[in-house]
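Chain by chain, the residues run as shown.
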Amino acid sequence: MSRSSHALDVSPPVHRGMAVLDKAAFRKSIPILAVKVPPEAVSTFLSSKVLKNALLNVRKVKSVTPAEDGGRLVLLRVQNQSKTADLSPEASGLIEKQNAELVPYTLEFDYDYWLADEILHSVLPEDLVQGAPSGFAAMGHIAHLNLTDEYLPYKHLIGQVILEKNSNVKTVVNKVNTISNQFRVFPMELLAGEPNYVVEHHESDCTFTFDFSQVYWNSRLQTEHARLVEQFSPADVVADVFAGVGPFSIPAAKRGCAVLANDLNPVSYKYLVQNIANNKVSTFVRPSCKDGREFIREVFNAAYDDPLPPAPRPKISRSKTKEQNKQARIAGTQKASLPPSPPASPRRRITQFAMNLPATAIEFLDAFRGVLAPGNAGERPMRELYDAPERMPKVHCYCFTKELEPERADVDIRRRVEEMLGAPLGKETSTYLVRSVAPNKEMYCISFRLPYEVAFAA
């Protein structure tokens, strides 16, 4: 192929400013050249080094197609602009040597060929092409967009393109404004598809059913859900203060954790109960629908008065036992046997708190003051159960900060936490950057051991 030749332009036709999708406008014909050969000669041309750079290489288009007379057309990425093919002398020589024939061929493209971002790039104003919202957050069959103001005139076209270019999507919605209610639910607008907001979403080997229009769910937190749950031991007792529909609680229960899961939103509570049943973790999860502060004040007493089921016993490795028995037979001794396990005890001591309400979770931390003292715990022997600072539960509290430097963010978050607790945090404290929410807003998780003096404050 000569240096003057160029790659084929298979981009869609440009229709800047199109606000209503017109699929018929997306048609494109490109005349190219093809080598007409008998079927048995196809491999010769496809494997030829001299034709390697001339063969058609276009997404979703086969480089060989049947000819009308039973032969085959080997398509070239050479436009048929004249009778003279833009081929190297070596390629032309191969075609002549094989007694093959150069013939015209037309590539036909329509709306179905191009990807969502290619269509959007061809219709949006040029100044909006960069950052065009072809990506989205997915919850089951729902695609969730967060369009900025400049894209709103094209919102229905954008929604229609995303709907049609993603086979799993049945509903496309746009967040209308920021979350402003106590249940963290944002208003949304239907852009395309069915007005069906009840989804079945899969995450961490769990299935979650919920009404996306009435509960809080953020798919961008999937990695964070997994990160925190992986820190839990199967023996833990987890208090999930703002549990939502269960993205922390249910995977934790599948690990064997006992979980006290709470959410104030009655709709979230409804789906939390449903998800507990659907994921078959009812033995290990106790749901409630209370204010977060009330839940914190009551949950220690609830766990003490009504202990949670024992931690599941670790599974015995059959292969290991078989190997032990084999070695025992060789040595002429008795078969290997595992020592008897002590009876499992119900769980009363809470070991972990999850507080995923980043906008205001820090403001709930003062509820921990005196929570284990007699004024709140009554005559329950909490000092025997939580008998040392290292036996206090770990608290994982999510929050936002405007500090973009990690060191400054750490200082800011610790200061606010200590102000609400009324005591300094100990050495067992860390902050973790979860994600950037906005140009000047970061989401963090601060993990700390609940100070002994706070929980037992008079």
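Everything numeric in this text was worked out from a predicted model, so none of it was measured.

Draft legend 1. Region of interest: the overall build of the chain. A tally of regular secondary structure across the chain gives 14 helices and 17 strands. Burial analysis of the chain (458 residues in total) assigns 47% to the buried set. Intrachain contacts of the chain at a sequence separation of at least 6 include 70% that bridge at least 24 residues. Counting only carbon and sulfur atoms, one obtains 50% of the accessible surface of the chain, whose full area is about 23800 Å².

Draft legend 2. Region of the structure containing the sheet that holds strand β17 (residues 441-449). Spatial ordering of the open sheet is given by β13-β12-β11-β14-β15-β17-β16, a layout of seven strands whose pairing is mixed. Two strands bound the open sheet, and with one partner strand each, they are β13 (285-288) and β16 (429-438). Recorded for the sheet is a direction-independent mean angle of 15° between the axes of neighbouring strands. Note: strand β14 (residues 352-355) against strand β15 (residues 394-401), four bridges, orientation parallel. Residue A354 lies in a different strand from β15, and its bridge partner there is H396. Against the sheet, helix α6 (residues 222-230) touches β14, β15, β16 and β17, its axis set at about 155° to β15.

Draft legend 3. Examining the environment of D205 more closely. Here D205 is to be found in the loop between β9 (198-203) and β10 (206-211). Using a relative accessible area of 75% as the deciding quantity, one classes D205 as exposed. Taking the C-alpha atoms as reference points, D205 and P251, 46 residues apart in sequence, are found 7.8 Å from one another.

Draft legend 4. Fine view of the packing of helix α3 (residues 116-123) against helix α5 (residues 155-165). The contact between α3 and α5 brings their axes to 9 Å, and the two run at 155°. Judged on the interaxial angle alone, α5 and α3 are roughly antiparallel. Crossing of α3 against α5: the hand is right-handed. Between α3, through A116, I119, L120 and V123, and α5, the contact on the second element is made entirely by L157, I158, V161 and K165.

Draft legend 5. Fine view of the UniProt feature "binding site: S-adenosyl-L-methionine" (unreviewed entry) in the chain. Per the UniProt entry, the sites bearing "binding site: S-adenosyl-L-methionine" (unreviewed entry) are H225, D263, L264, D291, G292 and N356 in this numbering. We classify G292 as buried; its relative accessible area is 5%. Look past the residues within four positions of G292 in its chain and what remains in contact with it is V241, F242, N262 and F364. In this fold, N356 is placed in the loop between β14 and α11 (374-377). Here N356 falls in the buried class, since its relative accessible area comes to 6%.

Draft legend 6. Highlighting the packing of aromatic side chains. Inspection of every chain in the model, using the stated rule, returns 12 aromatic pairs. Look at F208 and W217: their rings are 5.2 Å apart centre to centre, the planes differ by 50°, and that puts the pair in the tilted class. Like F208, the residue W217 is buried in the burial classification. Note on F210 and W217: the rings are 4.8 Å apart at their centroids and 20° apart in plane angle, and the pair reads as stacked. Of the two residues examined, F210 and W217, each falls in the buried class.

Criteria and thresholds
Residues numbered from 1 in each chain as written. Predicted model: local features only at pLDDT ≥ 70, side-chain atom pairs only at ≥ 80, totals over all residues. Heavy atoms only, no water. Helix = DSSP H or I, 4+ residues; strand = E, 2+ residues; numbered from the N terminus. Buried < 20%, exposed > 50% of the residue type's maximum accessible area, 1.4 Å probe, protein only. Contact = heavy atoms within 4.5 Å. Areas by Shrake-Rupley, 256 points an atom, 1.4 Å probe, with all protein chains shown as cover. Pairing = 2+ DSSP bridges. Axes fitted to C-alpha atoms, helices over the stretch in contact; angles between N-to-C directions. Parallel < 35°, antiparallel > 145°, perpendicular 65-115°, else oblique. Left-handed = near helix turned anticlockwise from the far one by under 90°. UniProt positions renumbered as here; feature names shortened; annotations may be inferred. Phe/Tyr/Trp six-rings, centres within 6.5 Å; stacked < 30°, edge-to-face > 60°.

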